[in-house]
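# Structural description and commentary
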Amino acid sequence: MFENLLEMQERGVRDRARGRSLDDNPMSKPDVLPIADFQEWYSMFDAWRFGWSIEDAMAGHGNAPREGGASSRTYTRTV
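Now for a quick tour of the structure. (Residues numbered from 1 in each chain as written. Predicted model: local features only at pLDDT ≥ 70, side-chain atom pairs only at ≥ 80, totals over all residues. Heavy atoms only, no water.)

## Side note on helix α2 (residues 38-58)
- If you check α2, its first and last C-alpha atoms are 30 Å apart, about what 21 residues at 1.5 Å a residue would give, namely 30 Å.
- All of the buried residues along α2 are W41, S43, M44, F45, A47, W48, G51, W52, E55 and D56.
- Two residues or fewer after α2 comes G60, characterised by a positive phi angle close to 85°. (Helix = DSSP H or I, 4+ residues; strand = E, 2+ residues; numbered from the N terminus. Expected span 1.5 Å × (residues − 1). Buried < 20%, exposed > 50% of the residue type's maximum accessible area, 1.4 Å probe, protein only.)

If you want it as structure tokens, here you go:
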């Protein structure tokens, strides 16, 4: 299972780099993957979100102004 969690984190990183939002977490769609074990499902959900958040922070989005101001930081990532 540990390898699956790392793969899901990497997928979260890639998805954020491609411009996807937190709402695009593949584990948030229960119709796609039946939830038989809640703990396993939540671990995968959280792993994707963690990877997404790491990429978001590295891209500088976490430091974006909250009141509509312009950010002085720029970031370009190629995938």
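## Describing a nonpolar patch on the surface
- A surface patch of nonpolar side chains, about 310 Å² in accessible area, is lined by F50, I54 and M58.
- Looking at the secondary structure, you find I54 in helix α2.
- Looking at I54, the relative accessible area reads 35%, which means it is partly exposed. (Patch = residues over 30% accessible without salt bridge, like charges linked within 9 Å, V, L, I, M, F, W, Y side chains within 5 Å. Areas by Shrake-Rupley, 256 points an atom, 1.4 Å probe, with all protein chains shown as cover. Salt bridge = Lys/Arg side-chain N within 4 Å of Asp/Glu carboxyl O.)

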